[in-house]
Amino acid sequence: MTNELLHLASHLATTITTVDAPAVADAASSKINLGLQGGLGCLGAALGVGLVGNKAVESVGRNPAAFGKILVMGILGMAFAEAVAFYSLYLGH
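Residues numbered from 1 in each chain as written. Predicted model: local features only at pLDDT ≥ 70, side-chain atom pairs only at ≥ 80, totals over all residues. Heavy atoms only, no water.

Chemist: Explain the overall build of the protein chain to me, please; I cannot follow it from the model alone.
Modeler: The number of helices and strands found in the protein chain is three helices and zero strands. Here the protein chain, with 93 residues, has 24% of them falling under the buried criterion. Long-range pairs, those at least 24 residues apart, make up 74% of the contacts in the protein chain between residues at least 6 apart in sequence. Total accessible area on the protein chain stands at roughly 6400 Å², and carbon and sulfur atoms take up 73% of it. (Helix = DSSP H or I, 4+ residues; strand = E, 2+ residues; numbered from the N terminus. Buried < 20%, exposed > 50% of the residue type's maximum accessible area, 1.4 Å probe, protein only. Contact = heavy atoms within 4.5 Å. Areas by Shrake-Rupley, 256 points an atom, 1.4 Å probe, with all protein chains shown as cover.)

Written as structure tokens, this is what we have:
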């Protein structure tokens, strides 16, 4: 589900910037569009990190013996979700 949310956020960000890009002539409006792209990308990353953390806590609650494996997978999942935020900020600049 996290991947779908991240994909949706990046798709919305590119749609917003590409639909308005030909009609925008001044720099202020284009900067607003780029800000929206970065903001939506960061929103998707925040949702992804929240979902990973939520599921990791649920998993440890169900099987406390697997804490170490769940921690490693949770940290990896959060790192990949945060990478989306950095990509959106970098590409939105």
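Right, picking up where we left off after that structure.
Chemist: Looking at this model, I keep getting lost on the environment of Y90. Mind explaining?
Modeler: Here Y90 lies in helix α3 (residues 67-92). Spatially, the C-alpha atom of Y90 lies 8.1 Å from that of G38, the residues being 52 residues apart in sequence.

Chemist: Would you mind showing me how to read the environment of I70 here?
Modeler: Structurally, I70 can be placed in helix α3. In this structure I70 comes out as buried when scored by relative accessible area, which is 17%. Sequence spacing of I70 and V60 is 10 residues, and the spatial spacing of their C-alpha atoms is 7.2 Å. Excluding residues within four positions of it along the chain, I70 makes contact with A56, S59, V60 and N63.

Chemist: Is there a simple way to think about the pattern of salt bridges in this case?
Modeler: Any two side chains of opposite charge can pair, so long as their charged atoms come close to each other. Here the structure, examined in full by the defined rule, presents one salt bridge. Where K55 meets E58, a salt bridge forms, and the shortest distance between an N and an O atom there is 3.9 Å. Separated by three residues within a single helix, K55 and E58 lie in helix α2 (residues 27-62), roughly one turn from each other. Judged by its relative accessible area of 46%, K55 is partly exposed. Owing to a relative accessible area of 34%, E58 belongs among the partly exposed residues under this scheme. (Salt bridge = Lys/Arg side-chain N within 4 Å of Asp/Glu carboxyl O.)

Chemist: I'm lost on the side chain of S88 in this one. Help?
Modeler: With respect to the element layout, S88 can be found in helix α3. Judged by its relative accessible area of 10%, S88 is buried. Apart from the residues within four sequence positions on either side, S88 is in contact with Q37, G38, G41 and C42.

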